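A look at the structure
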Amino acid sequence: MSIYTPFSASQLLPQEEKLEVARHKSELFIGIPKETSYQERRICLTPDAVSSLVSHGHRVMLESGAGETSSYTDKEYSDAGAEITQDTKKVLGCPMILKVEPPSLAEIEMMNPQTIVISAIQLKTQKKEYFEALANKRITALAFEFIKDEDGSYPAVKSLSEIAGTASILIASELMIGENIGKGLLFGNITGVPPTKVVIIGAGTVAEYAARTALGLGAHVKVFDNSITKLRRLQNTLSQRIFTSTIQEKSLLKALRRCDVAIGAMKGKNRAPVVVTETMVEHMKKGAVIVDVSIDTGGCFETSEVTTHEKPTFIKNGVIHYCVPNIPSRYSKTASMSISNIISPFLLHIADDGGIESAIRCNRGLKNGIYSYHGLLTNKAIADWFNLEYRDINLIVF
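The structure presented is a predicted model; accordingly, all values stated were derived computationally and were not measured.

For the rest of this paragraph, the subject is the overall build of the protein. Across its full length, the protein carries 16 helices and 15 strands. Across its three principal directions, the C-alpha atoms of the protein cover 90 × 75 × 45 Å. When the accessible surface of the protein is split by element, carbon and sulfur atoms take 52% of a total near 20,000 Å². Each charge sign in the protein was given a centre, from 44 positive and 43 negative side chains, and these centres are 8 Å apart.

Now the structure itself:
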């Protein structure tokens, strides 16, 4: 008589016992050097974040004065448990380095081999030598811009885009009242006075927060984008219906002729598309304001030219242009708090998982942030851009 069983013969044989391998927590030693890049005023960790890390048993070494441009004193960091030093080389000698801007070649030179660097990458400003320097020191580097959240979004990019979007309207409202260049207009909707007219080009996160701020001040907002999906999402996230349109030269020109403020918030694959030509700008009102947030990737107004925080504006065809890249740096404390809130949980994750090696095995979002793994370039976009050799991180770490 045969006995029917759902198990195969091999499954009925005695099996070896599999024990769960416990993860060992690792202690982090983080170095935060002073930012040396032009116009960079932010810092990666606030004193509160440092306090949280120190209470979890980690060490933080900070270069003296690193937080001053974000209105944080050395004493606040010292009280939070950070070690303060004047020696830049000592800070860059830590096993893990946190920076807002990517490290310079001179800073990479001071680092120890196998260091872990967490910073922005700002691909458009990088050169091939930067990646070669990382390879020579076998450095593992993560970029804020590439780190993903559980929902697949990029938290650092999104957060800084929120600041840039809100700031673009506040900057425009300041420029409209400028004594020498502005028209003396109050940004808003006063009884009996026509509301300020705002045109926003793009419908991403920057555009959403610019629209939200402008509507909050009582302005009349028009948004242009070539993606109906993005325009629909924008309509649904805002608490009211606004004018939305695809980018057609005739309707865009009509809106620009009547507007007081135009915000450029378009993103392209390699460069922001030039949507507004010089001829269109010539048709705008005299004293109107252009804030080109897309200037980081080239700008979407043909008349845009990169300016600085010290000399942020210029006038072309009677129109005030504000084209400062890195707008969030102007609001350094808010931006620092925002970056700190995103990075601190990831640092605690890395420590709880037993170091960066284990963490990227467990956390796909963190793995996505790595563009240099022990000196090997693991980001295809960077490899194609600079014509460098590329290795798939999923084939190295699994």
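All right, on to empty space enclosed by the protein then. Under the criterion given, the structure shown has 1 cavity of 30 Å³ or more. The computed volume of the largest cavity comes to approximately 40 Å³. In this structure, the largest cavity is lined by Phe144, Ile147, Pro155, Ala156, Ile342, Ile343 and Phe346. When contributions to the lining of the largest cavity are tallied by element, the ones reaching two or more residues are α7 (155–175) and α12 (332–352).

Moving on, we come to the layout of surface pockets. Of the voids in this model, the second largest pocket is the one considered here, and its volume is about 180 Å³. In terms of lining, the second largest pocket is formed by Phe131, Glu132, Leu134, Ala135, Ser372, Gly375, Leu376, Leu377, Leu388, Glu389, Tyr390 and Arg391. Considering every element that reaches the lining of the second largest pocket, the biggest residue donor is helix α6 (residues 128–136), with 4 residues. Tallied by class, residues from the lining of the second largest pocket come to 7 nonpolar, 2 polar and 3 charged.

A few words on the pattern of salt bridges. Here the idea is simple: oppositely charged side chains can pair when their charged atoms come close. Applying the stated criterion across every chain yields a total of 12 salt bridges. Among the salt bridges present, the one from Asp260 reaches Lys285, with a minimum N-O distance of 3.0 Å. Of this pair, Asp260 sits in the loop between α10 (249–258) and β10 (261–264) while Lys285 sits in the loop between α11 (278–282) and β11 (289–292), and the two are 25 residues apart along the sequence. A salt bridge links Arg391 to Glu389; the nearest nitrogen and oxygen atoms lie 3.7 Å apart.

Let us look at the nonpolar core. Within the largest apolar cluster, 42 residues are counted, with the highest numbers of intra-cluster contacts made by Leu98, Ile118 and Leu347. Secondary structure elements with two or more residues in this core: β1 (29–32), α2 (47–55), β2 (59–63), β4 (96–98), β5 (116–119), α12, α13 (356–362) and β14 (370–373). When residues in this core are grouped by element, the largest group, 8 residues, is from α12. Excluding its chain neighbours within four sequence positions, the residues that come into contact with Leu98 are Ile30, Gly31, Ile32, Pro33, Cys44, Leu45, Ile118, Ile343 and Leu347. Listed in part, the 34 residues of the second largest apolar core include Leu175, Leu215, Leu231 and Tyr322.

Further remarks concern the pairing of strand β13 (residues 319–322). In β13, alternate side chains face the same way, and those of Val319 and His321 on one face and Ile320 and Tyr322 on the other are all buried. Here β11 runs beside β13; their pairing, made up of 3 bridges, is parallel. Within β13, the position partnered with Val291 by the bridge is Tyr322.

Turning our attention to the sheet that holds strand β6 (residues 140–143). With mixed pairing, the 8 strands of this open sheet are ordered in space as β3-β2-β1-β4-β5-β6-β14-β15. Unpaired on one side and paired on the other, β3 (83–85) and β15 (376–377) mark the two borders of the sheet. Judged from the 2 bridges that link them, β14 and β15 form a sheet pairing that is antiparallel. By the bridge assignment for β15, Ser372 is matched with Leu377. Those strands touched by α6 are β6, β14 and β15, and its axis lies near 50° from that of β14. Of the strands in this sheet, β1, β4 and β5 touch α12, which is tilted by about 175° from β4.

Turning next to a positive patch on the surface. A cluster of basic side chains, namely Lys197, Lys250, Lys254 and Arg258, defines a positive patch on the protein surface. Sort the elements by how many residues they give to the positive patch and α10 lands first, with 3 residues. Using a relative accessible area of 31% as the deciding quantity, one classes Lys197 as partly exposed.

The next subject is the environment of Gly218. One can find Gly218 in the loop between α8 (205–216) and β8 (220–224). Take Gly218: its relative accessible area is 21%, and that puts it in the partly exposed class. When residues no more than four places from it in sequence are discounted, the contact partners of Gly218 are Gly188, Asn189 and Pro195.

This part takes up a nonpolar patch on the surface. Judged by side-chain polarity, Leu186, Ile190 and Val193 come together as a nonpolar surface patch covering roughly 280 Å² of accessible area. With respect to the secondary-structure elements, Ile190 resides in the loop between α7 and β7 (197–201). Judged by its relative accessible area of 43%, Ile190 is partly exposed.

Cut-off values and rules
- Residues numbered from 1 in each chain as written.
- Predicted model: local features only at pLDDT ≥ 70, side-chain atom pairs only at ≥ 80, totals over all residues.
- Heavy atoms only, no water.
- Helix = DSSP H or I, 4+ residues; strand = E, 2+ residues; numbered from the N terminus.
- Areas by Shrake-Rupley, 256 points an atom, 1.4 Å probe, with all protein chains shown as cover.
- Lys, Arg positive; Asp, Glu negative; His and termini not counted.
- Charge placed at Lys NZ, Arg CZ, Asp CG, Glu CD.
- 1 Å grid on protein atoms, 1.4 Å probe; cavity = no way out; pocket = protein on both sides within 12 Å on 5 of 7 lines; lining within 4 Å.
- Points joined across faces, edges and corners; volume = space filled by probe spheres on them.
- Nonpolar A, V, L, I, M, F, W, Y, C, P; charged D, E, K, R; others polar.
- Salt bridge = Lys/Arg side-chain N within 4 Å of Asp/Glu carboxyl O.
- Core = buried A, V, L, I, M, F, W, Y, C linked by side-chain atoms within 4.5 Å.
- Buried < 20%, exposed > 50% of the residue type's maximum accessible area, 1.4 Å probe, protein only.
- Contact = heavy atoms within 4.5 Å.
- Pairing = 2+ DSSP bridges.
- Axes fitted to C-alpha atoms, helices over the stretch in contact; angles between N-to-C directions.
- Patch = residues over 30% accessible without salt bridge, like charges linked within 9 Å, V, L, I, M, F, W, Y side chains within 5 Å.

Without other data, these values stay purely geometric and don't point to any function.
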